[in-house]
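# An overview of the molecular structure
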Amino acid sequence: MKRRLLALGCSLSAVAAAQTGNAPTQLSLSAPTSAPTTFNPAEFSLSTDGTFTNPYDPAQADLNVRFTSPTGKTMTVPAFWSQDFDRATLQPQGKAGWRVRFTPTSAGKWTASAAFARPSLRSAPLAFNVAASDSPGFVRLDKQNPRYFAYDDGKAQQFYFPIGLNIGWASGQGAAVLADYERWLTRLSSNGGNLARVWMAAWSFGLEWKDTGLGDYSGRQKQAWLLDQVFALARGRGVNIELVLINHGQFSTTVNAEWQDNPYNAANGGPLKSPDEFVTNVQAKDLFKRRLRYIAARYAAQPNLFAWEWWNEVNWTPISDSDLFPWIREMTAALNTWDPYGHLISSSYSTGGTSDLWKLPQIDFSQQHDYGGRDPLMWGRNSVSAFTDTAPNKPVLLAEVGYSGGGNEAPLVRDSIHFHNTIWAAPFVGYAGSGMYWWWDTFVDPQNQWPQYRGLADFLRGENLATLTVQNAEVSTLKAAALTLQSKTRALVWLRSGAYDAGEANTAYTRALIAQKGGPDWKYDLPIRYGATVKVDGLSDGKYTAYWYAPQKNVWLSVVPVTVTDGSATLNAPTFDKDLAVKLVPAGGCIPLSWDRKGSVANVIQTHQGIDVVQVGTKRGHATGPRTGPVHARTLHAPANHTFVDAFDLP
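As a starting point, this report considers the structure included with it. Source: prediction; values computed, not measured. (Residues numbered from 1 in each chain as written. Predicted model: local features only at pLDDT ≥ 70, side-chain atom pairs only at ≥ 80, totals over all residues. Heavy atoms only, no water.)

Moving on, we get to the overall build of the protein. Looking only at helices and strands, the protein has nine helices and 31 strands in total. When burial is assessed residue by residue, the protein has 57% of its 651 residues classed as buried. Taking contacts inside the protein between residues at least 6 apart in sequence as the whole, the part at least 24 apart equals 69%. Here the protein displays about 25,400 Å² of accessible surface, and carbon together with sulfur accounts for 49% of that area. (Helix = DSSP H or I, 4+ residues; strand = E, 2+ residues; numbered from the N terminus. Buried < 20%, exposed > 50% of the residue type's maximum accessible area, 1.4 Å probe, protein only. Contact = heavy atoms within 4.5 Å. Areas by Shrake-Rupley, 256 points an atom, 1.4 Å probe, with all protein chains shown as cover.)

The structure is reproduced here in structure tokens:
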């Protein structure tokens, strides 16, 4: 997305030649204060008598720590210079010093040893024990279907479907930065979201700008510490972060232009006469590698780092693909030496579905941005195909989307409809995650759109989309359409009214304006769809159960027995005006549902062949057992390999 200019009037110091203080003669490594566990970051401190004019310059201080696993496998991680801050005041807290962050990948006895490359100096080995945890590991490509993602702990994979949005930077300043992120991440997580896209922009978490010069990050330690806290806030809420390393404006003179304040600009004492030289100039590349080393040293150990993103919408810069591709190859090779965990890597254009960028082996997944306000149910599949035709075995994320690129404006119903549809349409047209909306601070949060994520999260809970394929279903009326994800024995269906589209709402509003009936009180009245049927083909014959879901209210509606004959099943849809979803699974197999934890009474609302549909608050599922006494004494049905948390924890 293209937004936010920053004016800075600070002086810029030229890039100085490497200078050192006192050469180190002593080096020691201290264990973390809390016991390390697998796939959780542990922070070690280092002590040395060496002093350095610029500890961020590896030419002065090339300090690394080698970790040896119980099986003898080694991982080398760069150390980094760090300053802590007080959260309330954002004033420096304690002394700056050397740290190393490490995420162990196996339980047992590990050893660690720190070393300076110049002069050659090594610490005594430090032994520490790592306990096993239930963390699922790092996000990788799904081995059974590389068009999707999965958590991987080195032993097994667990399907991961990203549901989230962009949360690029905070609205507030100072301590309000963390207050913003804590609020947004909490609301995202509590509604089933698990991914946020964050920028290292000059005005947010960037490490160098006109106020710092190049290669020395002492003036941006507060920003680096704030990003630490954002990762911690997200990790505690089960949210992963896609970290954008460079936003287009930094090297653009036309779109959100910030080149005039960029420290790489020769006008500010930098080495470049024009922004396109950033990817070809040797000095610029060396300086960026220094920054990249620091970023990897500080953040690569975060298990909730979903991916590195090189560029946001690089096409808004004058950098050509012919120059960009060699730069990506070179920088990826450098990053891989400092990121031993092998995090995923991507980049982005404002369009770019047919770019050869996605073919590069250094790019793990493709990304689309779209602000055309189009109906994703209609265009989504073709858009995905443009990317998969270019790079067939890579996931595609709808990483930025909005009704328009200029922000939301009345009537907001258009944005609300588009927001809902991009969330739900994305998996059904083949994207590897939900649509990731852009306007987090001006629309999603102030309009409390967060519950929209809950519906998709509830509906997809326990599903492995890597085993399903995108198909169509036949609807009895031309005024609605349905998409499916299915196998021979399972179908997920999204049914939507044709009128429930942002473009249709816009047309209706335009007519209202012509009739002088528009304005802030205007409402978009949708026609009610009665008696619609949905025909699903390609299933194995037999007895099935259909679980109908209401995406607008985030509730399960009904459980209906269905018979598949000659590979087809016809489902009678409940009355609706916007959209519905339904799961069709073999009879006897059930679906994992979400429930209120306590303080609610479960009521039987419907019975089908001896199976009671029960509701706890607004959450529904089914149960068997006697109807006398509290429902929490009954048995909830769950599928194989899924366990219900005690849903009826009543006082």
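Applying the stated criterion across every chain yields a total of 59 aromatic pairs. Measuring from ring centre to ring centre gives 5.9 Å for F251 and W259, while their planes differ by 40°; the resulting arrangement is tilted. Summarising the burial analysis for this pair, F251 and W259 share the class buried. Judged by centre distance (5.9 Å) and plane angle (45°), the rings of Y437 and F443 are tilted. Taken as a pair, Y437 and F443 share a single burial class, namely buried. Ring pairing ties together the aromatic residues W169, Y181, W184, W199, W203, F205, W438 and W440, which thus form one cluster. The ring of W379 carries R374 above its face, with NZ or CZ at 4.3 Å from the centroid. Sitting above the plane of the F459 ring, K583 keeps its charged end 5.4 Å from the centroid. (Phe/Tyr/Trp six-rings, centres within 6.5 Å; stacked < 30°, edge-to-face > 60°. Lys NZ or Arg CZ within 6 Å of the ring centre and 35° of its normal.)

As a further point, take the packing of helix α6 (residues 413-429) against helix α8 (residues 451-460). At a closest axis distance of 10 Å, the pairing of α6 and α8 adopts a crossing angle of 20°. In terms of axis orientation, α6 runs roughly parallel to α8. The two elements α6 and α8 meet at a crossing, and its hand is right-handed. Side by side, α6 and α8 meet where S416, F419, H420, I423, W424, P427 and F428 of the first sit next to Q452, Y453, G455, L456 and F459 of the second. A class-by-class count of the residues in the contact of α6 with α8 yields eight nonpolar, four polar and no charged. (Axes fitted to C-alpha atoms, helices over the stretch in contact; angles between N-to-C directions. Parallel < 35°, antiparallel > 145°, perpendicular 65-115°, else oblique. Left-handed = near helix turned anticlockwise from the far one by under 90°. Nonpolar A, V, L, I, M, F, W, Y, C, P; charged D, E, K, R; others polar.)

Further remarks concern the environment of T254. Relative to the helices and strands, T254 resides in the loop between β15 (240-247) and α3 (282-299). Assessed through its relative accessible area of 64%, T254 is described here as exposed. Along the sequence, T254 and P318 sit 64 residues apart, while their C-alpha atoms lie 9.2 Å from each other.

Turning our eyes to something else, we now look at the nonpolar core. Residues Y181, F278, W310, W311 and W327 are the most contacted members of the largest nonpolar core, which totals 163 residues. Looking at which element gives the most residues to this core, the answer is α3, with nine residues. In contact with W311, not counting residues within four places along its chain, are V244, I246, F251, F278, V279, T317, I319, L324, W327, S347 and S348. A491, Y544, W548 and V562 belong to the second largest nonpolar core, which has 23 residues in total. (Core = buried A, V, L, I, M, F, W, Y, C linked by side-chain atoms within 4.5 Å.)

With that settled, consider the pattern of salt bridges. Under the criterion given, the structure shown has 27 salt bridges. Among the ionic pairs, E463 bridges to R490, the shortest N-O distance being 2.8 Å. Remark: R490 occurs in the loop between β21 (480-486) and β22 (491-497) and E463 occurs in the loop between α8 and β20 (469-475); sequence separation between them is 27 residues. E463 sits in the buried class, given a relative accessible area of 8%. In this structure, the salt-bridge partner of E463 is K583, at a minimum N-O distance of 2.9 Å. Of this pair, E463 sits in the loop between α8 and β20 while K583 sits in strand β27 (residues 579-586), and the two are 120 residues apart along the sequence. (Salt bridge = Lys/Arg side-chain N within 4 Å of Asp/Glu carboxyl O.)

The strand order across the open sheet built from eight strands is β25-β24-β27-β22-β21-β20-β23-β26, with neighbouring strands paired in antiparallel fashion. At either end of the open sheet lies a strand with only one pairing partner, and these are β25 (555-564) and β26 (569-572). The mean inter-strand angle of the sheet, taken between neighbouring strand axes irrespective of direction, is 25°. Note: strand β24 (residues 542-550) against β25, nine bridges, orientation antiparallel. (Pairing = 2+ DSSP bridges.)

Moving on: the pairing of strand β4 (residues 74-78). Bridge analysis of strand β3 (residues 63-68) against β4 gives five bridges, and the strand direction is antiparallel. The partner of F67 across the bridge, within β4, is M75. If you look at the hairpin formed by β3 and β4, you'll find five residues sitting between the two strands, and G72 has a positive phi there, around 95°.

Judged by pairing direction, the sheet is antiparallel, and its four strands sit side by side in the order β1-β2-β6-β5 without closing on themselves. Each edge of the open sheet carries a strand with a single partner, namely β1 (27-30) and β5 (80-85). In this sheet, adjacent strand axes meet at a mean angle of 45° when their direction is disregarded. Direction of pairing for strand β2 (residues 42-48) relative to strand β6 (residues 92-102): antiparallel, over a ladder of five bridges. Its bridge partner being in β6, F44 is matched across the sheet by V100. Sheet strands touched by helix α2 (residues 221-235): β5 and β6. Its angle to β5, the strand with the most contacts, is close to 80°. Its contacts with the sheet place α3 against β5 and β6, and it is angled at close to 60° to β5.

Turning our eyes to something else, we now look at α8. Within α8, nine of the 10 residues are buried, which leaves it mostly tucked inside the rest of the structure. Looking one or two residues past α8, G462 carries a phi angle of roughly 80°, positive in sign.

A word on helix α9 (residues 502-514). Its 13 residues place the ends of α9 18 Å apart at the C-alpha level, agreeing with the 18 Å of an ideal helix rising 1.5 Å per residue. Those residues of α9 that fall on the buried side of the exposure criterion are A502, A505, Y509 and A512. The arc enclosing the buried residues of α9, seen along the axis, measures out at 80°, which places them on a common side. For α9, exposure combined with an orientation more than 90 degrees from the buried face picks out R511 and I514. Residues of α9 that are buried sit in contact with α6. Capping the start of α9, D501 holds a side-chain oxygen 3.2 Å from the backbone nitrogen of G503, two or three residues further along. Just downstream of α9 lies Q516, where phi reads positive at about 60°. (Expected span 1.5 Å × (residues − 1). Arc of directions from axis to C-beta. Polar contact = N/O pair within 3.5 Å; in protein donor to acceptor, adjacent residues only side chain to side chain.)

Moving on, we get to unusual backbone geometry. Leaving glycine aside, a negative phi is the common case for residues, and trans is the common case for peptide bonds. Here the residue pair R118 and P119 is connected by a cis peptide bond, since its omega of -5° sits within 30 degrees of zero. Mapped onto the elements of the fold, P119 is located in the loop between β7 (108-116) and β8 (121-122). Phi at Q516 takes a positive value of approximately 60°, unusual for a residue other than glycine. Residue classification places Q516 among the exposed residues on the basis of a relative accessible area of 73%. Although it is not a glycine, N554 sits at a positive phi angle of roughly 60°.

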